[in-house]
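Per-entry structural report
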Amino acid sequence: MSFKKLNNLAGWLAFLISLITFTLTVEPTASFWDCGEFIACAYKLQVPHPAGAPFFLLIGRIFSLFAGSNLESVAFMVNMVSVLASAFTILFLFWTISMIARKVVGKRDEDLSNPESLLILGSSMVGALAYNFSESFWFSAVEAEVYGMSSFFTAIVVWAAFKWERIEDPVKQNRWLIFLAYLVGVSIGVHLLNLVTIPALALLYYFKKENKPTITGGFISFMVGMVVLGIINVGVITGIPSISFWFELLFVNSFGLPFGSGMVFFILVLVTALVYGIRYTHQKGKALQNTILLCFAFVLIGFSTYTIALIRSNFNPPLNENNPSNVLNFTSYLKREQYGSRPLLYGPIFTAQLAGIERGTPNYIQGEKKYEIYDYNPEYTWDSKGKMLLPRIWSQDPGHISLYRAKLNLPEGQNPTFADNIRFMISHQFGHMYWRYFMWNFWGRTSDIQDTGFTNIFESKNDLPPSIASNKARTNFFGLPLILGIAGFLFLYFRREKDAIVTFLMFFLTGLALVVYLNSPPIEPRERDYIYAGSFYFFTIWIGLGVMAIYTYVLKFLKNRMAQAGIASALGLVIPVIMGASSWEGHDRTGRVHQIDFARNMLATCEPNAILFTGGDNDTFPLWYVQEVEGFRTDVRVCNLSLLGTDWYIEQMKRKTYESEALPITLNSENYYKGINDHIPYVANPNPQIKAGIDLREYINLIRKKDQAIQRMVSTGDMINILPSANFFFSQNAEEIAKMPFIEEEQKALITDRFEWSFGERDILKNDLIVLDIISNNNWKRPIYFGGTLPQNQYLGLKEFMQLEGYAYRLMPFKIEGAKDGFVNSDILKKKLMTQMKWTNLNNTDVYYDTESFRVPFITARYAFLRLADELLRENKKKEAEEVLDKSLEIMPDASVPYDQLVTNFPIFYYEIGSKEKGTKLADEIVNKADKELAYFGPKFAKSGDKQWGDDNIRQFVQSNMRTIQLLYQAAEQYDKDAAARYRQIYEKHLSKLQ
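Residues numbered from 1 in each chain as written. Predicted model: local features only at pLDDT ≥ 70, side-chain atom pairs only at ≥ 80, totals over all residues. Heavy atoms only, no water.

Counted under the stated rule, the structure contains 48 salt bridges. When the shortest N-O distance is used, the salt bridge between Arg867 and Asp821 registers 3.8 Å. Of the two residues, Arg867 sits in helix 31 (residues 851–874) while Asp821 sits in the loop between strand 16 (808–811) and strand 17 (823–824), which places them 46 residues apart along the sequence. Relative accessible area serves as the criterion here: at 14%, Arg867 is assigned to the buried category. Lys918 serves as the salt-bridge partner of Asp886, at 2.9 Å between the closest nitrogen and oxygen. Taken together, the residues span a long stretch of sequence, with Asp886 in helix 32 (residues 878–891) and Lys918 in helix 34 (residues 916–941) at a distance of 32 residues. (Salt bridge = Lys/Arg side-chain N within 4 Å of Asp/Glu carboxyl O. Helix = DSSP H or I, 4+ residues; strand = E, 2+ residues; numbered from the N terminus. Buried < 20%, exposed > 50% of the residue type's maximum accessible area, 1.4 Å probe, protein only.)

This is the structure we're talking about:
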């Protein structure tokens, strides 16, 4: 059989192995983070957060059709987009390694001997499967995120570039270049990752075209690639919409033409110019210029998938983020303006002092006949002493500042130096945010706990406490992938220096160079290893070539070349086998559906026609999914507080959606345009009457009318609104409210005609303002809920008015004095927890729940049970309290959902109920677990720079376990003195070692 056929068959075998792997481990429904949003938007072709991934959504929509009438299968089908795209990634990676390996051998396909063919195919299989079973790639391959398809486009672009290099016919070469350009254009509609490979591909082009390459020529070609990257990233993606809007302003505002005329004119001019240029260069025989223009045209054709966002936004779907329905909003959408910017080469650091605020670029709105300026973007100027080159410690967020100081060991008041700035870049951005992830993929991962590092490969699971040893995300590759990858790179460098340089540049640009460009803050809401999957992709090329190094140097003593190639391949294949076996449990998402149960439980908490305020991605996107795809509880209006600070989202909240009526927002659009009332500062008024409290409805009315009574002038000369008091009130009819069905008989006496509370001496953000507007004008007609996962400041000081009814707090028209964390109606909460909520597979030890994604849902569930049991005990309903505790432990046992700090209270409740045996049995489990964790982490406590766990994680383990044991021995002293003595002995043992 010819090598070509063998190569094709072996590539498809790698594809099949990958497809089976990911199909067996794929998530059956919507995952946490962005997946719920993407599935909902793909199903109905709606508009997700910028930059939108329109091509991914189109493919997802096609796949969703295979679900038929089974709406619960839609998520699985869209997940299969990533599965299939990831399997094709492995296919093209195999063929890419095969091409590079053939270049190393230096023979034509038909001249390859059998040992050489086997060696090439073995190398390709090892490298492809190493990536297949790598941590970051596998994670994205089994869920409906863009990163699996992004890897596919990286793979096919690189494969096409090396395929182009093998072609000698100039005409065919140009066709492949045009194909490459089209792939790049389409990939923009998924993710921008493969764009950063362009400079390296430009170098590949130079090496192909230049017989005697030089360092100068290589540098110039690399810089040309950087220019091409800039043209696409800035000129095409954001530049074309920006130029289009310039023409739009000219035609509409200056010429008086209709809206859209400038954009249409610009597109016609651009297309006409391209067609003319392509036709002219073809007629004149200018092949290079013709190819460049054709490539540019095909980039635009691929990029045109973004018109989906423009088209669908004009139909006003329920999910319509940024509302890119016109050229103004569409430009903002493509520029991702809502995310702000980060300094790159020069700018302020966290100690910089604000020198002034000036008017920047104007903000436009679409008026009746023209675009109108309503405000200007502020341009901040900073003192020169607070600026430096390559600013890495840039964030002005107070929480980030404290982390900068902690990580750099800088006391308060001491300014960081440039050396500190670079030290943060190397230790945190390069080390923690890249090298740690790199080692996860090719060395081993300690656990799935946030911020943990790479495995101590010499530490067996027998050395670990059971709670850590049983963490399914823990992997140990014994460093073999890393060693083989380094060997492969060195082998390539000494055999094919040019290819080594090209692949290294790809590895660097998608890794460390990307770290510099992203300039990450000191903390992220989740692990970001998926960002650098492209870098790990190129490292696996070297892993594959490492097999050739084994063949050439390690096994050179063998005389039989066929045996030599076979043994080298077999030894190499041991690595992906180890990676797959070690990683399987931590990536198998079979049976994992609680994220959707969590969403349903959150919505089931709410009474009909409710308003539900949520915060982050994980308590919003799953809710969007179950409403938009499965049609569950569409009467509840989910209102994300993060998005409620944007004008387009507020406008959407003022419209009816499905069964949910518009929210009672009285403010007008000119009160919440971008830049207007984003931040209303608290400026205390000395008047005692105002200080005591202001009428909330009147205050909202003054904001709506832009009344100067609540305004102050700022340095730019503009007038802004202020908050003159820390206290609010509004009138209500206590008699009418008492008749409402949600008011219990014993609650009626608590209702007064004046609803008043302390908001606090703090500024009002735009989302706070809208929530206050809704509350003041709702008049208790619709139930208002605040998700139980929100940070304390987003409850607006109203916790004493909130009743916990499951996964959310309901705002009530009365106050329970001292209820700083809300209050409980045991009848309502028990009915919802015990009969209405779902807990599928939470007690199934075969199902893997990663610690970080599920931490908040599990805490939310356990906290609800905890509060219910506590309230029942207060009401002396001990039997019911015991049933609640039993139910919680039944659905969330330690074996599947490890006990946390909340469960520490359960033994105490059992003691108070009178169930001494249950209390001591559970306390024994908790204390024994804490004892073993302290025995492991205690000796690490005094040390610093732990690469496995990180100092913060070790501190958290030690302190939380010590608190747990102390709490339980103190509680047991009253109910079980023998148990108390055991626990105290364990506590004192560890205390003596820690002091």
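Now for the sheet that holds strand 14 (residues 784–787). One open sheet accounts for six strands, arranged 6-5-14-16-15-17; its pairing is mixed. Two strands in the sheet have a free side with no partner beyond their single neighbour: strand 6 (637–640) and strand 17. Summarising the sheet, strand 15 (residues 802–804) and strand 17 pair through two bridges and their orientation is parallel. Across the sheet, Gln803 pairs through a bridge with Phe823, a residue of strand 17. Strands strand 5 (611–614), strand 14 and strand 16 of the sheet are contacted by helix 29 (residues 766–778), whose axis makes an angle of about 150° with strand 14. (Pairing = 2+ DSSP bridges. Contact = heavy atoms within 4.5 Å. Axes fitted to C-alpha atoms, helices over the stretch in contact; angles between N-to-C directions.)

Pairing within the open sheet is mixed, and its three strands lie in the order 8-11-12. Edge strands, defined here as strands with exactly one partner in the open sheet, are strand 8 (694–695) and strand 12 (754–758). Here five bridges tie strand 11 (residues 727–731) to strand 12, and the two strands are oriented antiparallel to one another. Opposite Phe729, over in strand 12, you have Glu756 as the bridge partner.

The geometry of an aromatic ring pair comes down to the distance between the two centres and the angle between the two planes. Tallied over the full model, the rule gives 89 aromatic pairs. Ring geometry for Phe63 versus Phe66: centroids 6.3 Å apart, planes at 75°, classification edge-to-face. Of the residues examined, Phe66 reaches a relative accessible area of 61% and is grouped as exposed. Centre to centre, the rings of Tyr493 and Phe494 are 5.4 Å apart; their planes meet at 80°, and the pair counts as edge-to-face. Given a relative accessible area of 62%, Phe494 falls into the exposed group. (Phe/Tyr/Trp six-rings, centres within 6.5 Å; stacked < 30°, edge-to-face > 60°.)

By size, the foremost hydrophobic cluster in this structure holds 297 residues, and its most contacted members are Phe613, Leu644, Phe728 and Trp757. Considering each element in turn, this core owes the most residues, 19 residues, to helix 4 (residues 74–105). Leaving out residues up to four positions away in the same chain, Phe728 has contacts with Ile694, Leu696, Tyr699, Leu723, Phe755, Glu756, Trp757, Phe759, Ile764 and Leu772. Core analysis: the second largest hydrophobic core is formed by nine residues, Phe350, Tyr404, Leu408 and Phe424 among them. (Core = buried A, V, L, I, M, F, W, Y, C linked by side-chain atoms within 4.5 Å.)

Everything listed here is a matter of geometry and, on its own, says nothing about what the molecule does.
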